[in-house]
Amino acid sequence: MTDYATDTQIDSFLRAFVFARGYRRLQALAEHPAAIKDEHDACLLIAFTDGETPTHPHSWTSVAESGINHVIININDKVSIAPDGREMVVQANFENNAFRPLLDFALSPDVPAFNSSTWQQRPSIMPLERDVMHTIVVDRIDEANPSPIYREIECAGDCFQSLLTTSYCFLPDSRSFHTQLLSSLRAGCIPVVMSPSQRLPFQEQLDWRLASFRFPMSLLSSVPEMLEKLGKEDLLEMRRRGRIFLSRIDDAQALAKSLVAALSERIQIGLPPHPKACFWLYSHDRWNSGRDLTYTPSTLHDVPQMPGDAPFHEGTKEHLRAVNGARRLGHTRDEEQFTVMILAYNRDNGVRKIIEMLRDCPYLNKVRVLIV
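What counts as what
- Residues numbered from 1 in each chain as written.
- Predicted model: local features only at pLDDT ≥ 70, side-chain atom pairs only at ≥ 80, totals over all residues.
- Heavy atoms only, no water.
- Disulfide = S-S within 2.5 Å.
- Helix = DSSP H or I, 4+ residues; strand = E, 2+ residues; numbered from the N terminus.
- Buried < 20%, exposed > 50% of the residue type's maximum accessible area, 1.4 Å probe, protein only.
- Salt bridge = Lys/Arg side-chain N within 4 Å of Asp/Glu carboxyl O.
- Axes fitted to C-alpha atoms, helices over the stretch in contact; angles between N-to-C directions.
- Parallel < 35°, antiparallel > 145°, perpendicular 65-115°, else oblique.
- Contact = heavy atoms within 4.5 Å.
- Nonpolar A, V, L, I, M, F, W, Y, C, P; charged D, E, K, R; others polar.
- Core = buried A, V, L, I, M, F, W, Y, C linked by side-chain atoms within 4.5 Å.
- Pairing = 2+ DSSP bridges.
- Patch = residues over 30% accessible without salt bridge, like charges linked within 9 Å, V, L, I, M, F, W, Y side chains within 5 Å.
- Areas by Shrake-Rupley, 256 points an atom, 1.4 Å probe, with all protein chains shown as cover.

(A) The state of the cysteines, seen in detail. The full count for this structure, using the stated rule, is 2 disulfides. The residue that forms a disulfide with Cys-155 is Cys-159, at a sulfur-sulfur distance of 2.0 Å. Its torsion about the S-S bond being -95 degrees, the disulfide of Cys-155 and Cys-159 is classed as left-handed. Each disulfide pairs two cysteine sulfurs, and for Cys-169 the partner residue is Cys-189, the sulfurs being separated by 2.1 Å. Across the disulfide from Cys-169 to Cys-189, rotation about the S-S bond amounts to roughly 125 degrees, and the bridge is consequently right-handed. Within this pair, whereas Cys-169 is found in strand β8 (residues 166-172), its partner Cys-189 is found in the loop between α1 (177-186) and β9 (190-194), the two being separated by 20 residues in sequence. Here Cys-169 and Cys-189 have matching classes, each one buried.

Listed below in structure tokens is the structure:
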């Protein structure tokens, strides 16, 4: 996987060298801030293949074990390559038992170049209801045995235009699964993965439960009834979250940022410019919220509140108050505080006086007034 002897300082930045080989759509990797021009100073060596030409760059055997520190990206979704050493493989399809969870990435690298106007082509999350409740997306429709219940659509390439009127896209195991997943997300159609084992893009980083469903194929007849119970708010939130996940894998620039960030986490070497920042502690929130992954942030987002018994300094400028002479923050979380309920019978002035008396009351979270 990775030989850290090539990186003399573990707390330095991730440095990657890209053997471009003329694949212009994926030139975004070579333009990433973590990419360098001297392969001898690189922690990772990234090469591309179309699944047919030789995959080994000249640096393949320059380390102790073949493939160490190498990432091979197969841009041909129709062909799968088998690992030939300790390299990390990125491709859409893996043969049976060939996928290695600690090394490989299952996703489609065959994505278009970044286009600044792509967002204009995306359908709206609304309306809530679409003309078609669910559609099964397949490589090829079996004309001799068509589904008597479900609508089927052939999709061996980008077919998102055919899915714009569908609420749920059923995606069975297939050679075109990752292409079909991209099409469903582009159409705003919630993916329903009909396989317990199908790998999803960046599955360790993205919480796909927020944007998709997963069922075994044996439950196909029962799934529509389950989906009908989904609340309106949940359905819209899953569409919105699917749009965020799509932004991680939809084009060459987005995929380059996501892949480098995932590689950084996997080999435990931070991204520039802050190698010592606690990138991994909050990386799950950054991945799933849509925040940029290009750099390690200089400040952390969504930092939890301090515990209620944490001491504070007298010179703090946060206007904190010591409770009963204590030198603690007090109850800072909602569950540690209390709510005042006031039931009033046409006594507006009395209610105002009570609320004024409660001003700055320690541990008070909110006041609710019920006027009868």
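That covers the picture; the talk isn't over yet.
(B) Structural view of the pattern of salt bridges. The tally for this structure, following the rule as stated, stands at 10 salt bridges. Asp-104 serves as the salt-bridge partner of Arg-100, at 2.8 Å between the closest nitrogen and oxygen. Of the charged contacts, one joins Asp-250 and Arg-186 as a salt bridge, the two residues approaching to 2.7 Å between their closest N and O atoms. Of this pair, Asp-250 sits in the loop between α3 (232-249) and α4 (252-267) while Arg-186 sits in helix α1, and the two are 64 residues apart along the sequence. Beyond isolated ion pairs, a larger network of salt bridges with shared partners links Arg-122, Arg-186 and Asp-250.

(C) Local environment of the packing of α3 against α4. Orientation of α3 relative to α4, taken along the N-to-C sense of each, is 90 degrees, at an axis distance of 5 Å. Comparing the axis directions of α3 and α4 gives the class roughly perpendicular. Between α3 and α4, the residues in contact are Ser-247, Arg-248 and Ile-249 and Ala-254, Leu-255 and Ser-258, respectively. Among the residues making up the contact of α3 with α4, the classes are represented as 3 nonpolar, 2 polar and 1 charged.

(D) Quick peek at the nonpolar core. The biggest cluster of nonpolar side chains holds 56 residues, and the ones touching the most others in it are Leu-14, Leu-29, Ile-73, Phe-105, Phe-202, Trp-208 and Leu-259. For this core, the element with the most residues is α4, which contributes 9 residues. Once residues lying within four places of it in the same chain are set aside, the contact partners of Leu-14 are Ala-34, Cys-43, Leu-44, Val-260, Ser-264, Ile-267, Ile-269, Gly-270 and Leu-271.

(E) Highlighting the sheet that holds β9. Pairing within the open sheet is parallel, and its 5 strands lie in the order β7-β6-β8-β9-β10. The open sheet terminates on both sides in strands that have one partner only, identified here as β7 (151-154) and β10 (213-214). The pairing of β8 with β9 spans 5 bridges and is parallel. When the sheet's bridge partners are listed, Leu-171 is paired in β9 with Val-193. Here α1 sits on the sheet in contact with β6 (132-138), β8 and β9, set at roughly 170 degrees to β8.

(F) Here's a closer look at the pairing of strand β3 (residues 70-74). Taken across its 5 residues, β3 has 5 buried, putting it largely inside the fold. On β3, burial covers both faces: His-70, Ile-72 and Asn-74 on one face and Val-71 and Ile-73 on the other are all buried. The pairing of strand β2 (residues 44-49) with β3 spans 5 bridges and is parallel. Counted as the bridge partner of Ile-46 is Val-71 from β3.

(G) Quick look at the sheet that holds strand β1 (residues 16-19). The strand order across the open sheet built from 5 strands is β1-β2-β3-β4-β5, with neighbouring strands paired in parallel fashion. Both edges of this open sheet fall to β1 and β5 (105-106), since each of them pairs with a single strand only.

(H) Examining a nonpolar patch on the surface more closely. A cluster of nonpolar side chains, contributed by Leu-343, Tyr-345, Leu-370 and Val-372, occupies part of the molecular surface with about 420 Å² of accessible area. Structurally, Leu-370 can be placed in strand β12 (residues 364-371).

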